[in-house]
Each structure stands twice: as C-alpha cells, then as structure tokens.
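Residues per chain, in single letters:
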Amino acid sequence: MAGLRRYQRYAEELTALIRSGEMAPGTRLPSVREASRSRRISPATVFEAFYLLQARGLIESRPRSGFFVRSAPQAAPVRATSTAPRSRAVAVSDLVFEVLEATRRPGVAPLGSAFPGVDLFPLKQLARALNTGMRQLEPARIVEDLPPGNERLRRQIALRYALSGTRVAPDEIVITNGAMEALTLSLQAVTQPGDAVVVESPCFYAALQALERLRLKVVEIPCDPRHGLDLAALRMALHRQDVKACWLMPSFQNPTGASMPEARRRELLALLESHEVPLVEDDVYAELYYGAHPPSPAKAFDSRGLVMHCSSFSKCLAPGYRVGWVAAGRYAQAITRAKVMTTLSTAVPSQQALAEYLAHGGYERHLRKLRRTLARQHEIAARMAARYFPAGTQLSSPEGGYFLWVQFPQGVDTLQMHREALERGINIAPGQIFSATRAFGNCLRLNFGHPRDARFEPALKVIGELAAAALRP
Ligand SMILES: Cc1ncc(COP(=O)(O)O)c(C=O)c1O
C-alpha cells in the first residue's frame, strides 16, 4: 500500500475486512472518535476513509447510529466514481446544448422537456390580467419599478409564504427574471471564482452550467430518488473542504423528484448553520405537490438568514413571463444591487400582470386543478413505464412535479438512446447531462406533464424497445 495516502490505507484495510467477511453485513464500524483515537489519525482522515467506503457501496450511514457494513455490498446507487467527491471544474455545456437543441425541434414528443404542457396554464386569464394591470399603471411607474421590484407583487408573494407557514418579509424579496436569475444572483452574492459549491448528484443541468460560467468548482453529493440528499456525505464534505455555498432542491428535486422529509430538512439547516454555509434553495416546483399540504421549504427552518429561497411562476402559472424571485434573507441588499448592475429590472408589464392575477385571477383554483392533473398523470406514466420498460428498471416515486427518474439496468446507454429516439421523433433527457462526472449513463428523466399529448404512450413503448435492444446479449 506504499504511495497511498493515510485515509486510503485505512479504507483499503477496512475494504479487505469487509470483502473477506471478517466484518459481516450489519456490523457497526467504530465511531469516528474511537477510530481516530485507536489509529492515531485525525477525525478528518477517518471521515475520508468512511466516505470512500460509502462511495464504493460497502458501508452506509444510519441517522444518529453511525456507519454499518451494508447487507449486500454493491455499487453505490448514485455515484459512478469510487473516489470521495473532491471539488472539480465543470464542463457540461456542450452536451447540455446538444440535448436542449433537440427539445426545440418542432414535432418531437417532449419527454425530455423541462416544462409541462402549455395548455395546462390559464393563458387567457393572464392576458386579461396583463391588460388590466397595464391600464391601471401610473405612467411614471413604468420607469420607476426598479429592484427589488413591484411592491404589490412582493406583498402577494410574502402573503403566500405566510399562508403556508413560512415567515418572509416583503423587504427580503427581490423580483427577478425567472428563478434562473434568482439562483445565479444568489450564488454570485456568496462566491468568488474558484470557490467550491455543493450540488446534488444528479442535479439540474442549469446549476452545473451556472457553476461553469461563474468558474466555480462543484462538489457533488449523492441524492437518493426516495430520501433526497445524503446528509452524512454532506457532513463529510463540509468537514473536509471549504465549501462556500450549497445549491439544493429539498422538494421535488430535478431530475430525481426526491423530497427530503421534514426532519432531514431541519438537520440540513442545523448542519449548514454550524458551518456558516449559505443555502441557495431552488424551489421552482413548490406549488406542484400531490398531497394535502405543501412541504415546508428549508427556508422555514432558517433562523439566521442564511437561506436564499428561489422560485418563479414559470412552472406553475406563467411560462414565458419570466417572473421569479428570491427571498434572500441577509443577502437581500447585495442581490438587489447585483440585479440593478446586471439586468436593471424585470419587465414591468410581466410584474403588473402577475400582481393583478394573484389578486383577482383565481390562482388557488388553477393550482388545485393543475396538481390533480399532474398527480393523475404520474399514476398513468408509472403504470405505462412498468408495462413497457424492461425488467430490472427502477422508477422514482415523486410526490410532486412532473418528472420520473428512470434507472435502466446497466448496459443501457441513454445518451445513445437519446440519439436513436430522436430519429424516431422522441426527445428524452439522458442521465449524463445531470452530473459533471458524466455519471448516470443508464438513467433518464422523463417528463409526464403533457396529458393531452397522444404521443406519450407510443413514445414510452419505443423507449422500452430501445432499452430492451441494448440489453440483448
Ligand atoms: C430545477 C429548476 N430550477 C430552475 C429553473 C429555471 O426556472 P425559470 O424558468 O423560472 O428561470 C428550472 C427550469 O427548468 C428548473 O427545472
């Protein structure tokens, strides 16, 4: 084991014990403190070794109990690499643009799209609200509505937070051009080029593109389709390196659909607070829950103003109006100034239209219908996928939004499938665009938010056939 670093040597010793069966499945590993004392190595070195074993799929962490040998040692579910997640430079844009360009081709079935069908939105009522809103606008305000943005709209947004139990003052809300601008301004407010930022793995490709453009380094932390972010892995990453921010989606994560249970959100916040690491919370699917109540955002548990909660109307009401916001906590002033220096302001007519619609347009009624439609559509899509996809395929089970995360058996290459499906008029989002490491080559994100599109079922059948063909010996 010459040439190996200390943590690697320790990890190799434990690996040998696990593989030989001397440490049987279910065995508890020594605590970090015990191991550090008995081996005379630092706790950070023990953490690194455990992380490596976890990434190899040999051990697992159990909340508040420690680390245990996994019952059936297997490849880690979501990481393709076997090294600890060091920060790395990002270069995903070429692949992402290749895939996105295909989404825009007219006539293709939009299973790879990031949007639900436009026929699900109240476009006529919005047009009426735009008209009314603009007629009511005092002419002077058309040049005065500078950041943080339209006050009536900010009050409406603050009211929605209050009604769902999260305290946000109108003063900390900055209106932006969609959630994307909210997210990037937030990230810029707390980072400098070269800094390390934590994201989920897999994660929304535009987060990776934002990091690439801002010359930030990425630290990818596993995100399980059922439970969301691996908090033990995050704890280790924060312990081991100087992370300047996290960009995470605790609710209806894109692409896995995962939602963290409330207790784990609280744990996440406590962890970030203990390291003073700000959270850029991407919550664009917040309104699209299937259950009786919305999940509380991580922002709800933020006592220190560290969370920048970003969302928009793009996915639930008004695509194309490009109105989003950030509830920015202690960073509100910095973000307001950055917004003025980049895009000056968000288009006044769009802000007027949304302020008017939220006040009088029947938003709740629209949302109730949209949620019901998407929940029903999820059941249909899951049933069809089970019918058409090969045995061994795993599907996520989202509690909101309109994405299924599909894990085909190893042997299926979804980037290749993307190219073949496109020739047959179908667009899919291959797993590789959701990670800077090009992992998830056997996965895809499937959009089921186009209930009136008759091409959906035949398209699933074709995808199933392509997957089966790839698995044939
Ligand atoms: C997870 C996620 N965040 C942010 C965005 C961007 O939202 P907006 O269109 O409001 O800029 C999207 C859009 O696809 C998304 O899926």
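What counts as what
- Residues numbered from 1 in each chain as written.
- Predicted model: local features only at pLDDT ≥ 70, side-chain atom pairs only at ≥ 80, totals over all residues.
- Heavy atoms only, no water.
- Helix = DSSP H or I, 4+ residues; strand = E, 2+ residues; numbered from the N terminus.
- Rg over C-alpha atoms; globule rule 2.2 N^0.38 Å.
- Buried < 20%, exposed > 50% of the residue type's maximum accessible area, 1.4 Å probe, protein only.
- Areas by Shrake-Rupley, 256 points an atom, 1.4 Å probe, with all protein chains shown as cover.
- Lys, Arg positive; Asp, Glu negative; His and termini not counted.
- Charge placed at Lys NZ, Arg CZ, Asp CG, Glu CD.
- Near = heavy atom within 4 Å.
- Polar contact = N/O pair within 3.5 Å; in protein donor to acceptor, adjacent residues only side chain to side chain.
- Nonpolar A, V, L, I, M, F, W, Y, C, P; charged D, E, K, R; others polar.
- Disulfide = S-S within 2.5 Å.
- Salt bridge = Lys/Arg side-chain N within 4 Å of Asp/Glu carboxyl O.
- Contact = heavy atoms within 4.5 Å.
- pLDDT = per-residue confidence, 0-100.
- Phe/Tyr/Trp six-rings, centres within 6.5 Å; stacked < 30°, edge-to-face > 60°.
- Patch = residues over 30% accessible without salt bridge, like charges linked within 9 Å, V, L, I, M, F, W, Y side chains within 5 Å.
- Pairing = 2+ DSSP bridges.
- Axes fitted to C-alpha atoms, helices over the stretch in contact; angles between N-to-C directions.

**Considerations on the overall build of the chain**
Step number 1: In terms of helices and strands, the chain carries 16 helices and 16 strands.
Step number 2: Compactness check: the chain gives a C-alpha radius of gyration of 23 Å against a globular reference of 23 Å for 473 residues, within 12% of the reference.
Step number 3: Seen through its principal axes, the chain has C-alpha atoms that stretch 75 × 50 × 40 Å.
Step number 4: The buried share of the chain, taken over its 473 residues, is 57%.
Step number 5: Carbon and sulfur atoms form 51% of the exposed surface of the chain, whose accessible area is close to 20400 Å².
Step number 6: For the chain, the distance from the average site of its 60 positive side-chain charges to the average site of its 43 negative ones is 2 Å.

**Overview of the site of the ligand**
Step number 1: Every one of the 15 residues lining the ligand counts as a neighbour, but D282, Y285, S312, S314 and K315 are closest to it.
Step number 2: The separation between an oxygen atom of the ligand and a polar side-chain atom of S312 is 2.7 Å.
Step number 3: In the complex, the protein chains occlude 95% of the 390 Å² of accessible area that the ligand would expose alone.
Step number 4: With four residues, the single largest contributor to the shell around the ligand is helix α8 (residues 178–190).
Step number 5: Residue classes in the shell around the ligand are distributed as eight nonpolar, four polar and three charged.

**Side note on the state of the cysteines**
Step number 1: Going through the model one piece at a time under the given rule, you end up with zero disulfides.
Step number 2: In this structure C223 is not part of a disulfide, and its nearest cysteine sulfur, from C203, lies 9.4 Å away.
Step number 3: For C223, a relative accessible area of 1% corresponds to the buried category.
Step number 4: Cysteine C310 is unpaired, with the sulfur of C246 as its nearest cysteine sulfur at 13 Å.
Step number 5: Relative accessible area serves as the criterion here: at 0%, C310 is assigned to the buried category.

**Looking at the pattern of salt bridges**
Step number 1: One pass over the full model with this rule turns up 19 salt bridges.
Step number 2: We note a salt bridge from E181 to K339, for which the minimum N-O separation is 2.8 Å. Placement of the pair is E181 in helix α8 and K339 in helix α12 (residues 332–342), with a sequence separation of 158 residues.
Step number 3: Residue class for E181 comes out buried when judged on its relative accessible area of 9%.

**Thoughts on the side chain of Q377**
Step number 1: With respect to the helices, strands and loops of the structure, Q377 is situated in helix α14 (residues 363–388).
Step number 2: Beyond its immediate chain neighbours, meaning those up to four positions away, Q377 contacts F448 and P451.

**So, the confidence of the model for the chain**
Step number 1: Mean pLDDT over the chain works out to 90, with 96% of the residues at or above the 70 mark.
Step number 2: Contacts from residues 73–83, a stretch scored under 50 in pLDDT, to residues over four places away or in other chains number 27 contacts.

**Some remarks on the packing of aromatic side chains**
Step number 1: Scanning the entire structure with this criterion turns up 13 aromatic pairs.
Step number 2: Relative to Y205, the ring of F204 lies with its centre 5.1 Å away and its plane at 50 degrees, an arrangement referred to as tilted. Grouping residues by exposure puts F204 and Y205 together as buried.
Step number 3: Through a chain of ring-to-ring contacts, three or more aromatic side chains come together here, namely F204, Y205, W405, F434 and F440.

**Some details on a positive patch on the surface**
Step number 1: A cluster of basic residues, R365, R368, K369, R372 and R376, forms a positive patch at the surface.
Step number 2: In this fold, K369 is placed in helix α14.

**Some thoughts on the sheet that holds strand β11 (residues 323–327)**
Step number 1: Reading across the sheet, the eight strands line up as β4-β11-β10-β9-β8-β5-β6-β7 and stay open at both edges, with mixed pairing between neighbours. Both edges of this open sheet fall to β4 (173–177) and β7 (228–229), since each of them pairs with a single strand only.
Step number 2: Bridging between strand β5 (residues 196–201) and strand β8 (residues 243–248) involves four bridges; their strand directions are parallel. Residue pairing for β8: V199 is matched across the bridge by W247.
Step number 3: Against the sheet, helix α9 (residues 205–213) contacts β5, β6 (217–224) and β8, and its axis sits at roughly 165 degrees relative to β6.

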